[in-house]
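# Coordinate analysis (summary)
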Amino acid sequence: MEPAAISIQNLVKEYQRNGKETLRAVDGISFEVRKGQIFGLLGPNGAGKSTTIKILTTLIQPTSGTAFVNGFDVVKQSIDVRKNICIVIQENAVDTYLTVKSNFLTFGKFHGLTRKETETRSGRVIELFGLKDVLNQRAMDLSGGMKRRVQVAKMFIVDKPIVFLDEATTGMDTFNKRATIAAIKEESKQGRTIVLTTHMLDEAEELCDAIAIINHGKIVASGTTGEVKKMGLEMFYLSLKVKEMTKELEEELKQHQPVKMETKESDIELTIRDHDTALKILSILHSRGLLLNFEMSSASLEDVFVALLDRSVTET
Ligand SMILES: Nc1ncnc2c1ncn2[C@@H]1O[C@H](COP(=O)(O)OP(=O)(O)OP(=O)(O)O)[C@@H](O)[C@H]1O
Ligand SMILES: [Mg+2]
């Protein structure tokens, strides 16, 4: 079988911090990305997304574990890894004094392309990312979101099999974001593997073939986007109003292992893992004459995301 585009086993990264205890930013993660996939690494701020990307792109070394990119070991064969990738880092990286066009030319040259090659490829990228109107503007004069679009576009001038995008659409308005997402999708059809990080669930849903949700350096859910979404379809959100909230009732509800539970006076909000449990809770409350009002709905993907993250916090 063809090797995976990316293969990570038990990856750990610890940061030594002056005067503070060691921080395990990546805590034993494993996953694979198949060739040609758009893969999303999702998670809240500080989850360990950028750290993972930095290891995969050889900017930093892991504390332990292994990672292979296009079949090459990120530690032992870092030069080969670099030949196979390009990366948009979270911090901005365009040459602000140069025009957009010069940015592209410099980038092509840096990667060993002739001027002619760069121009041909730029033409396609300019078209795809809709950059015709800003070509002769200096990058520093562009808005933050547009600068970001130029930066993402730049990656597709060179023909590397794996592209890493760390928070590619940060700072873009909806319009800009839509255009960029469409262009990234189009690029992946050319057979490239794209690994991106985001904390925007809707963006991941639209773009990614597979995702891993990461929190505190650990994977809390992973699979194809469809599989992860399915977890959402199987979760229910219950909003209840009861006659009287007691400690006993709270304990009893907890026994049904809600993914999430919040109580405020006589209002209870629960996220429940399955339909039967949700109905059981309702029938218990009803039979005791406690239930004043209720609402039940499918949990949104956002709910699932939050619930998974919440659970991963209580488990650590
Ligand atoms: N060089 C470093 N030294 C010490 N701690 C670091 C360093 N880089 C990152 N960290 C810490 O490691 C954790 C993970 O950071 P990381 O940048 O990987 O998160 P992230 O998921 O990319 O977050 P964000 O969504 O905010 O970009 C954070 O707690 C961060 O403060
Ligand atoms: Mg980050």
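These figures come from a predicted structure and were not determined experimentally.

This brings us to the sheet that holds strand 8 (residues 193-198). Ordered in space as 6-7-8-3-9-10, the six strands form an open sheet in which the pairing is mixed. For this open sheet the edge positions go to strand 6 (85-88) and strand 10 (218-224), each flanked by a neighbour on one side alone. The average undirected angle you get between the axes of adjacent strands in this sheet is 15°. Relative to strand 8, strand 3 (residues 38-42) runs parallel, the two sharing five bridges. Note that in strand 8 the partner of G40 across the bridge is L196. Running over the sheet, helix 1 (residues 49-56) touches strand 3, strand 7 (162-166), strand 8 and strand 9 (210-215) and is turned about 150° from strand 7.

What follows is about the site of ligand 1. Residues in contact with ligand 1 amount to 14 residues; listed here are only the nearest, Y15, A25, K49, S50 and T51. Among the secondary structure elements, those contributing two or more residues to the shell around ligand 1 are strand 2 (23-33) and helix 1. The greatest single-element share of the shell around ligand 1, amounting to three residues, is contributed by helix 1. Broken down by class, the residue content of the shell around ligand 1 amounts to four nonpolar, eight polar and two charged.

The next subject is the nonpolar core. Core analysis: the biggest nonpolar cluster contains 66 residues, and V69, F164, V195 and I214 have the highest contact counts within it. Apart from residues no more than four positions distant in its own chain, V69 is found in contact with I6, L56, V74, V81, N84, I85 and I162. Counting residues in each nonpolar core, the second largest holds 14 residues, with F236, L238, V242 and I272 among its members.

Moving on, we get to helix 10 (residues 275-287). The end-to-end C-alpha distance of helix 10 is 18 Å, a good match for the 18 Å that 13 residues give at a rise of 1.5 Å each. If you check which residues of helix 10 are buried, you get A278, I281 and L285. Here the buried residues of helix 10 occupy an arc of 65° about the axis, which is enough to place them on one side. Structural note: helix 10 exposes D276, S283, H286 and S287 on the side pointing more than 90 degrees away from its buried face. G289 sits one or two positions beyond helix 10 and adopts a positive phi of about 70°.

Parameters and conventions
Think of each chain on its own: its residues are numbered from 1, step by step along the sequence as written. Each chain is given a letter, starting from A, and each ligand a number, starting from 1, according to the order in which they appear as written. Per-residue local features are limited, in this predicted model, to residues with pLDDT of at least 70; the limit for side-chain atom pairs, both in listing and counting, is 80 or more; totals at the level of whole chains, interfaces and linings are taken over all residues. Only strands that DSSP links by at least two bridges are regarded as paired with each other. Counting from the N terminus, the helices are DSSP H or I runs at least four residues long and the strands are E runs at least two residues long. Only the stretch in contact is used when fitting a helix axis, every axis being a line fitted to C-alpha atoms; angles between N-to-C directions are given from 0 to 180 degrees. Here contacts are defined at the residue level, using C-beta atoms placed from the backbone and a cut-off of 7 Å between them. Using a C-beta atom placed from the backbone, a residue is scored as near a molecule or strand whenever that atom is within 6 Å of it. Note on residue classes: Ala, Val, Leu, Ile, Met, Phe, Trp, Tyr, Cys and Pro are nonpolar, Asp, Glu, Lys and Arg are charged, and everything else, Gly too, is polar. Residues enter a nonpolar core if they are buried, belong to Ala, Val, Leu, Ile, Met, Phe, Trp, Tyr or Cys, and are joined to the set through C-beta atoms within 7 Å. Three classes are used. A residue is buried when 20 or more other C-beta atoms lie within 10 Å of its own, exposed when 12 or fewer do, and partly exposed in between, with C-beta atoms placed from the backbone. Under the convention used throughout, the expected extent of a helix is 1.5 Å for every residue step, that is, one less than its residue count. Within this analysis, the arc is defined by the directions that extend from the helix axis to the C-beta atoms.

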